[in-house]
Amino acid sequence: IATLKATTVHQEFRVLRRILSVAVKKKMVPTNPCAAVEFPVMVKGMFRPHYVTSTEQAKIEKHAPAYLRNVIRIITETGLRVYKELACMKKDQVDLANKVVFIADSKTPTGISEVPLTDIAVEAFRNQMELAGPGQWLFPSSHKPGEHQSDFKKTWRRTLKRAGVQYFRLYDLRSTYATRLSAGGVADEWVTQLLRQSDAKVF
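All values reported here derive from a predicted model rather than from experimental measurement.

The rules we used
Residues numbered from 1 in each chain as written. Predicted model: local features only at pLDDT ≥ 70, side-chain atom pairs only at ≥ 80, totals over all residues. Heavy atoms only, no water. Salt bridge = Lys/Arg side-chain N within 4 Å of Asp/Glu carboxyl O. Buried < 20%, exposed > 50% of the residue type's maximum accessible area, 1.4 Å probe, protein only. Helix = DSSP H or I, 4+ residues; strand = E, 2+ residues; numbered from the N terminus. Pairing = 2+ DSSP bridges. 1 Å grid on protein atoms, 1.4 Å probe; cavity = no way out; pocket = protein on both sides within 12 Å on 5 of 7 lines; lining within 4 Å. Points joined across faces, edges and corners; volume = space filled by probe spheres on them. Nonpolar A, V, L, I, M, F, W, Y, C, P; charged D, E, K, R; others polar. Core = buried A, V, L, I, M, F, W, Y, C linked by side-chain atoms within 4.5 Å. Contact = heavy atoms within 4.5 Å. Axes fitted to C-alpha atoms, helices over the stretch in contact; angles between N-to-C directions. Parallel < 35°, antiparallel > 145°, perpendicular 65-115°, else oblique. Left-handed = near helix turned anticlockwise from the far one by under 90°. Expected span 1.5 Å × (residues − 1). Arc of directions from axis to C-beta.

A. Fine view of the pattern of salt bridges. For the structure shown, the criterion picks out 6 salt bridges. Close ionic contact of Arg 81 with Glu 85 constitutes a salt bridge, the shortest N to O distance being 2.8 Å. A relative accessible area of 4% means that Arg 81 is categorised as buried. Look at Glu 85 and you get buried, because its relative accessible area is 2%. Residues Glu 123 and Arg 126 are paired through a salt bridge, measuring 3.2 Å at the closest nitrogen-oxygen approach. Taken together, the residues span about one helical turn, with Glu 123 and Arg 126 both in helix α5 (residues 119-132) at a distance of 3 residues. For Glu 123, a relative accessible area of 37% gives the class partly exposed. When salt bridges that share partners are traced, they join Arg 81, Glu 85 and Arg 196 into one network.

See the structure below:
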């Protein structure tokens with residue numbers, strides 16, 4: 001008899017919990033018996049998002065190309081998802097006069113909404129509109145004409161290296177946005193809404 005790996009069992013239980021959650025939403029079962037189950041995690045090497053201080057951000061921006069500098073400022077000021085929302089954004093989604101951007105497609109249904117912009121974000125969007133030139137995309141691809149940029153990873157990694165900053169994910173700028181809101185006294189419920197998360201547990 002083959003021995004099941006712990007990771008396999010772990011994943012099977014996660015799938016079961018998800019199935020039961022869907023069943024509850026569809027009113028096929030009254031409750032999810034797995035809802036309160038806590039899955040063990042390995043503390044050693046456990047992932048933790050990187051928080052970017054204002055000093056570190058300024059250091060990174062100093063070594064970043066102009067378009068990436070705009071990306072950094074937009075995400076830390078709005079919490080937009082890097083690839084699902086920002087990289088594929090069209091210019092007509094940006095309303096600088098009213099200081100909002102409209103997210104037409106997102107990871108979750110709650111992600112589809114108007115996102116308010118700070119003055120810093122407005123300026124970054126304005127700079128990027130000028131950099132983008134003609135065409136519909138806010139971040140046009142330099143390799144594939146007519147398409148939007150789909151990957152910032154190589155440029156991000158090179159920028160961090162030039163800045164002398166240890167590598168962390170570009171997505172962590174979204175976590176930084178949330179952390180700054182919390183540090184500023186914004187209630188968790190409001191932070192969850194501003195992140196446009198469907199589940200407060202994620203926050």
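B. Highlighting the sheet that holds strand β1 (residues 94-95). Overall, antiparallel pairing links the 3 strands, which are arranged β1-β2-β3 in an open sheet. Each end of this open sheet is capped by a strand with a single partner; those strands are β1 and β3 (114-116).

C. Geometry of the layout of surface pockets. As a volume, the second largest pocket reaches approximately 280 Å³. Along the walls of the second largest pocket sit 15 residues, with Ser 142, His 143, Gln 149, Ser 150 and Asp 151 positioned nearest its centre. Per-element tally for the lining of the second largest pocket: the top contributor is helix α6 (residues 153-163), with 4 residues. For the lining of the second largest pocket, a count of residues per class yields 2 nonpolar, 7 polar and 6 charged.

D. The nonpolar core, seen in detail. Core analysis: the largest hydrophobic core is formed by 32 residues, its most contacted members being Leu 86, Met 89, Phe 125 and Trp 156. Of all the elements in the fold, those that place two or more residues in this core are α3 (66-78), α4 (82-87), α5 and α6. In terms of residue count, the dominant contributor to this core is α3 (5 residues). For Trp 156, the contacting residues outside a window of four places in its chain are Ile 60, Leu 68, Ile 72, Tyr 167, Phe 168, Arg 169, Leu 170 and Leu 173. Membership of the second largest hydrophobic core comes to 5 residues, among which are Tyr 177, Ala 178, Val 191 and Leu 195.

E. Highlighting the environment of Pro 145. Position of Pro 145 among the secondary structure elements: in the loop between α5 and α6. Using a relative accessible area of 75% as the deciding quantity, one classes Pro 145 as exposed. Expressed as a C-alpha distance, the spacing of Pro 145 and Gly 135, which sit 10 residues apart in the sequence, is 9.7 Å.

F. Representation of the packing of helix α2 (residues 54-63) against α6. Interaxial distance between α2 and α6 falls to 8 Å at its minimum, and their mutual angle equals 110°. The angle between the axes of α2 and α6 places the two elements in the roughly perpendicular class. Here α2 and α6 pass one another in a crossing that is right-handed. Contact residues: Lys 59, Ile 60 and His 63 in α2; Trp 156, Thr 159, Leu 160, Arg 162 and Ala 163 in α6. Classifying every residue of the contact of α2 with α6 by side-chain character gives 4 nonpolar, 2 polar and 2 charged.

G. Structural context of α5. For α5, spanning 14 residues, the distance from its first C-alpha to its last is 20 Å, which sits close to the expected 20 Å at 1.5 Å a residue. Along α5, the residues that are buried comprise Ala 121, Val 122, Ala 124, Phe 125, Gln 128 and Ala 132. Buried residues of α5, viewed axially, fall in a sector of 165°; they line one side. Exposed residues on α5 whose side chains face more than 90 degrees from its buried face are Asp 119 and Glu 130. A positive phi of about 70° marks Gly 133, the residue just after α5.

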